[in-house]
Amino acid sequence: MTSLPQTIYRYIYILTISALFAFSPSPVYAQADTTATDTTDVKVHKKDLAGHQLCVGVDIFNPIMNLFLKDTGGRRYGYEIEANYYLHNEYYLAAEGGWGSSDVNYTDLKYTTTNTFMRLGFNKSVLTRDKPVDWDMMFIGFRVGVANIIRSNVAFTVIDSLWGNSQGTLSQLPPFTAWWAEFNGGVRVELAKNLFAGWNARAKFLMNGKSESFKELTPLYIAGYGKGDKNSAFDLNVYISYAFRWDRKSLHGINDSTDSPIIKPAHAADGTKANKSFPGSNEAIPDTTANPIIKSVNATDSTMEVRDLPKGKK
Amino acid sequence: MIKIEKYLAPVLMALCGIVWAACKQERQPCLTPKTANLRAEFMHKTSDTATVFSDTALPSAIFIALTRSRDTGFVYPLQKSSFSLSLSSDTVFCQWAFRTDTFSYTVFDTLSFYYQKHRQFLSNACGFTYFYTLDSIHTSHKMIDSVHIINSSVTNDVITPNHLQVYIHPDY
């Protein structure tokens, strides 16, 4: 029996090590299936057992970094929230949004930008589930992001030691947009019931960096994207999130007391009942001598696979 | 069995250090030229009636920027035929005084540049600068025979063609 602090330490350790492995050149493999592969023709029926999950979270990485990102050049900050909803077959619909600002306060350049942003896309879990109610995940994903940027008046000085400095101003622009595509990957671990922590690394590619608004003055920082004068940016988020789940039992037969699927015995092709029982079912102990048809049940992800093997195969 | 607590603190500190160093908000160094200079190539007419021109390496040319506050001179001790001159970003007109060498002659020619200036954002690291479009050049004719504008667009791009050809009298 481990104490709560030890459990938390363990999960933090897992998150940290997974972060290091994600950036290491060696590949990371999910749980390997060591069982022999059946090469015979099988009929696969998949039924989603995971139910519905809506996860709502907040990024804690940017608020921490905001404390450090103060220097003579000004100040910047960004805040972000996220939500994802389990769709089907290990795909999650993901939406993220936030806001931020940056002050540029150099000797020859002074302005402020503020922006809101939103990203929409999906995550795909690449880990095999231990059981349908296992929501820990390592994922890859894709997003399209858009930011609405407001820029203040700009004061600038062109420094010229020969002819003398010249100063100028740019008036405030109407709000303009930046949009980008991004690939991401990360890890999410359920620390306690319904409470998740995880990180998400992102590679972002700005799509309209050559627009007129950017040519006139490229924002130093776009919350949600990063440095505006780079056509590609890399970023990290650390999320703490809470999951709302529903309809697991009623729709998909999850036994809430054991968190395991209730799998009702299937009928064999010859009309006899398969002699296999599972938690939550009331079937008898299997008769192992009189059953020529094997019902192979494998719930490795959110779906249950019921494989009907041909007669006579074991 | 690995004692995870033993490794947790160093790994976390290293990770935070890497992230903090990567995100530190210092102004990036400016790696592009900040000033748009025009380049003048000096040509020499072999005689008053000649139609053949050749590059003229001026032996020890002097250029003086005639600014409002104080005049600043640049002496080029080595023989050169091509020179870079900056334009004033404060106005749309500026003057340079010019002499072909430091010893032989005491007279100067004056080059007066008339241009339009265009504000140009370089980057957050470099800030703003001005690019120029040359309208006309007026000159005195003590040493200079004539001036031709070859390329009127003066930017910070150093691989564009020269902007001016300055023709020197055969006597100089």
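Residues numbered from 1 in each chain as written. Chains lettered and ligands numbered in written order. Predicted model: local features only at pLDDT ≥ 70, side-chain atom pairs only at ≥ 80, totals over all residues.

Quick look at the overall build of chain A now. Looking only at helices and strands, chain A has four helices and 18 strands in total. With 314 residues in all, chain A has 27% of them scored as buried. Across chain A, contacts joining residues at least 24 apart in sequence account for 62% of those joining residues at least 6 apart. (Helix = DSSP H or I, 4+ residues; strand = E, 2+ residues; numbered from the N terminus. Buried ≥ 20, exposed ≤ 12 C-beta atoms within 10 Å, placed from the backbone. Contact = placed C-beta atoms within 7 Å.)

The number of helices and strands found in chain B is one helix and eleven strands. Put simply, chain B runs from its N terminus to its C terminus through helices and strands in the order α-β-β-β-β-β-β-β-β-β-β-β. Looking at chain B residue by residue over its 172 residues, the buried ones come to 20%.

Turning our attention to the confidence of the model for chain A. When pLDDT is averaged along chain A, the result is 75, and 61% of the positions lie at 70 or above. Under a pLDDT of 50 for its full length, residues 266–314 of chain A has, in the predicted model, 81 contacts with residues more than four places off or in other chains. (pLDDT = per-residue confidence, 0-100.)

Moving on, we get to the pairing of strand β7 (residues 137–151) of chain A. Residues and elements named next belong to chain A. Where strand β6 (residues 109–125) meets β7, 13 bridges bridge the pair, whose relative direction is antiparallel. Its bridge partner lying in β7, Asn123 is registered against Gly141. Pairing geometry for β7 and strand β10 (residues 176–192), over 13 bridges, is antiparallel. Each bridged residue has a counterpart across the sheet, and for Asn148 the counterpart in β10 is Thr177. (Pairing = 2+ DSSP bridges.)

What follows concerns the sheet that holds strand β6 (residues 93–99) of chain B. Each strand in a sheet pairs with another by means of backbone hydrogen bonds, the pair being arranged parallel or else antiparallel. Residues and elements named next belong to chain B. If you trace the six strands from one edge of the open sheet to the other, you get β4-β3-β6-β7-β8-β10, paired in antiparallel fashion. Of all the strands in the sheet, the pair left with one neighbour each is β4 (72–75) and β10 (153–154). Relative to β6, strand β3 (residues 62–65) runs antiparallel, the two sharing four bridges. Paired with Ile62 across the two strands is Arg99, which belongs to β6.

Let us now look at unusual backbone geometry. Residue and element names in this part refer to chain A. At Asn89, a position not held by glycine, the phi torsion is positive, near 55°. Mapped onto the fold, Asn89 is located in the loop between β4 (74–88) and β5 (91–105). On the basis of neighbour counts, which here come to 13 C-beta atoms within 10 Å, the residue Asn89 falls in the partly exposed class.

Residues and elements named next belong to chain B. Examined against the element boundaries, Tyr132 turns out to sit in strand β8 (residues 127–139). Along the primary structure Tyr132 and Ser153 are separated by 21 residues, whereas in three dimensions their C-alpha atoms are 6.1 Å apart. Each residue touching Tyr132, except ones within four places of it in the same chain, is listed here: Ala36, Leu87, Tyr115, Gln116, Lys117 and Val154.

Turning next to the confidence of the model for chain B. Residues and elements named next belong to chain B. Taken over all residues, the pLDDT of chain B has a mean of 81, while the share at 70 or more is 76%. Per-element averaging of pLDDT across chain B places helix α1 (residues 4–23) at the bottom with 62 and β8 at the top with 94. Reported for the predicted complex are a pTM of 0.69 and an ipTM of 0.78.

Now for the nonpolar core. Generally speaking, nonpolar side chains in soluble globular proteins are found buried as a group. Residues A:Ala178, A:Ile222, B:Ala40 and B:Leu87 are the most contacted members of the largest nonpolar core, which totals 40 residues. Excluding residues within four positions of it along the chain, B:Leu87 makes contact with B:Leu38, B:Cys94, B:Phe113, B:Tyr115, B:Tyr132 and B:Val154. (Core = buried A, V, L, I, M, F, W, Y, C linked by C-beta atoms within 7 Å.)

Looking now at the environment of A:Ser102. All names here are of chain A. Residue position: Ser102 is located in strand β5. We classify Ser102 as buried; it has 26 C-beta atoms within 10 Å. Spatially, the C-alpha atom of Ser102 lies 5.7 Å from that of Thr112, the residues being ten residues apart in sequence.

Looking now at the environment of A:Trp199. All names here are of chain A. Relative to the elements of secondary structure, Trp199 occurs in strand β11 (residues 195–206). The exposure class assigned to Trp199 is buried, which follows from the 21 C-beta atoms found within 10 Å. C-alpha of Trp199 to C-alpha of Asp59: the two residues are 140 residues apart in sequence and 9.0 Å apart in space.

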